[in-house]
Amino acid sequence: MSVHRSRTTGRSHLAAAGTLIAVLSLLLTLPGAAGAAVVPPRGSAHLGMGVIAHDGQGGLPRDTRVVQTEGVDVSSHQGNVDWPRLWNSGVKWAYVKATEGTYYKNPYFGQQYTGSYNVGMIRGAYHFATPDTATGAAQADYFVNNGGGWSRDGRTLPGTLDIEWNPYGAACFGKTQSGMVTWIRDFLSRYKARTGRDAVIYTATSWWTQCTGNYSGFGASNPLWIARYNTTPGTLPAGWVYQTMWQYTSSGPIVGDHDKFNGALDRVVALANG
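Residues numbered from 1 in each chain as written. Predicted model: local features only at pLDDT ≥ 70, side-chain atom pairs only at ≥ 80, totals over all residues. Heavy atoms only, no water.

Looking at the overall build of the protein chain
To be explicit about the condition: Strands here are runs of E lasting at least two residues and helices are runs of H or I lasting at least four, both read from the DSSP assignment and numbered beginning at the N terminus. We call a residue buried when its accessible area falls under 20% of the maximum for its residue type, exposed when it is over 50%, and partly exposed in between, using a 1.4 Å probe and counting protein chains only. Throughout, a contact is declared for two residues whenever any of their heavy atoms are within 4.5 Å.
Counting secondary structure elements, the protein chain contains 8 helices and 9 strands. When the 274 residues of the protein chain are sorted by exposure, 47% land in the buried category. Partitioning the contacts of the protein chain with sequence separation of at least 6, the portion at a separation of at least 24 is 70%.

This is the structure in structure tokens:
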């Protein structure tokens, strides 16, 4: 009788284990289950966060006769930045993440924004857009109120709108193409009303095409900062005939995110002066 009970108990345990495996398998096949654990925390987004995943990565920029000026972009991921070392390496301008949505301020903003200025760099601030959390106008106000302003001192670049893949959900933040264009226009209009400057637009051509329908209406007024980790900037979004800046890598020396300004240092100063 004890042998029979042992066999029965064994079969019960095997059945229970099989049921558990089946349940776990079902959970793993539910929509979003596989990716739910890798969604980053709000506030952690930064320039170029989705570039490699969506556009891939190629070689470094080709040698060119066109004079370009090296820059970097930083966020809280870099912490306290060694600005003197960057300056001595040839980096002459920088952009610092100030805000995201209407809920996040970079805790390292002071060290990064003031530190780059004190070492001699021309610097500016950027805002990571989350069009699904608040209006464009509200986010522009939040940006300007928390470090994204501008002054005509020859050392402060206009603010940048970082508009790219949504790291927290659907790539286009749940917006239609026309809805996205309207959101961007609202942000840009409020930023100009607050500062007197046209904001820079940072984006990738593939995202811009997908999420705005390759809208061409901002090229005449807003400088383009293109994201492409390859040997050339590639095809630009509609409306722009050249890029003002180009983020070409996220694995550069000292600070990972390196950029090229399309011109000599005096052109960087010209953009700062407006």
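That shown, we press on.
Here we look at the state of the cysteines
We count it as follows: Working definition: a disulfide is two cysteine sulfur atoms within 2.5 Å of each other.
Throughout the structure, instances matching the rule amount to 1 disulfide. Covalently, Cys-172 is tied to Cys-211 through a disulfide, its sulfur atoms 1.9 Å apart. For the disulfide bridge between Cys-172 and Cys-211, the dihedral angle about the S-S bond is near -75°, and by the sign convention the bridge is left-handed. Here Cys-172, found in the loop between β5 (160-162) and α6 (177-195), pairs with Cys-211, found in helix α7 (residues 205-212); they are 39 residues apart in sequence, far enough to count as distant. Each of the two residues, Cys-172 as well as Cys-211, counts as buried.

Structural notes on the nonpolar core
The cut-off we apply is this: We define a nonpolar core as any set of buried Ala, Val, Leu, Ile, Met, Phe, Trp, Tyr and Cys residues linked to one another through side-chain atoms lying within 4.5 Å.
Counting 61 residues, the largest nonpolar core has Trp-93, Ile-163 and Ile-184 as the members making the most contacts within it. Top element by residues in this core is α6. It accounts for 7 residues. Apart from residues no more than four positions distant in its own chain, Ile-184 is found in contact with Leu-161, Ile-163, Trp-208, Thr-212 and Phe-218.

Some remarks on helix α4 (residues 109-118)
Considered for burial, the residues of α4 that qualify are Phe-109, Gln-112, Tyr-113, Gly-115 and Ser-116. Considering only its buried residues, α4 is in contact with β1 (69-74), α3 (83-89), β2 (93-100) and β4 (122-128). In the segment just after α4, Gly-120 is the residue with positive phi, at about 115°.

A word on the confidence of the model for the protein chain
Low-pLDDT portions of the prediction should not be read for the details of their coordinates. Note the cut-off: The predictor attaches a confidence to each residue, and that confidence, scored 0 to 100, is pLDDT.
With 86% of its residues at a pLDDT of 70 or more, the protein chain has an overall mean of 89. In the predicted structure, residues 1-36 sits below a pLDDT of 50 and forms 2 contacts with residues beyond four places in sequence or in another chain.

Details of the side chain of His-127
Structurally, the position occupied by His-127 is in strand β4. Taking the relative accessible area as the measure of exposure, His-127 reaches 0% and is therefore buried. When neighbours within four sequence positions are excluded, His-127 is seen to be in contact with Thr-99, Glu-100, Gly-101, Gln-139, Phe-143, Thr-160, Leu-161, Asp-162 and Phe-187.

Some points on the environment of Ser-221
Spelled out, the test is: Two N or O atoms form a polar contact when they lie within 3.5 Å of each other; inside protein one atom must be a possible hydrogen donor and the other a possible acceptor, and for residues adjacent in sequence the pair counts only when both atoms belong to side chains.
Looking at the secondary structure, you find Ser-221 in the loop between α7 and β7 (224-227). For Ser-221, a relative accessible area of 36% translates into the label partly exposed. Side-chain polar atoms of Ser-221 contact the side chain of Asn-222, separated by 2.8 Å.

A closer look at the environment of Tyr-103
Along the chain, the position of Tyr-103 falls in the loop between β2 and β3 (104-105). Tyr-103 sits 36 residues away from Gln-139 along the chain, and the two C-alpha atoms are 9.4 Å apart. Here Glu-100 takes part through its side chain, which lies 2.7 Å from a polar atom of the side chain of Tyr-103.

Some remarks on the pattern of salt bridges
Here is the rule we go by: Put simply, a salt bridge is a Lys or Arg side-chain nitrogen that is within 4 Å of an Asp or Glu carboxyl oxygen.
Taken as a whole, this structure holds 6 salt bridges when the rule is applied. As a salt-bridge pair, Asp-132 and Arg-42 come within 3.9 Å of each other at their nearest N and O atoms. Separated by 90 residues along the polypeptide, Asp-132 in the loop between β4 and α5 (136-145) and Arg-42 in the loop between α1 (2-29) and α2 (51-55) bring together distant segments of the chain. Arg-42 sits in the partly exposed class, given a relative accessible area of 41%. With a closest N to O distance of 2.8 Å, Arg-194 and Asp-141 form a salt bridge. A residue pair is termed long-range when its members are at least 10 positions apart, and Arg-194 in helix α6 and Asp-141 in helix α5 qualify at 53 residues. It is possible to trace a salt-bridge network through shared partners that takes in Asp-141, Arg-190 and Arg-194.

Re the side chain of Asp-259
Note the threshold: Working convention for charge: Lys and Arg count positive, Asp and Glu count negative, and His plus the chain ends are omitted.
If you trace the backbone, Asp-259 turns up in strand β9 (residues 258-261). No salt bridge is formed by the buried Asp-259, whose closest oppositely charged neighbour, Lys-260, lies at an N-O distance of 9.9 Å. When residues no more than four places from it in sequence are discounted, the contact partners of Asp-259 are Thr-69, Glu-70, Gly-71, Val-72, Asp-73, Trp-93, Trp-225, Trp-246, Gln-247 and Tyr-248.

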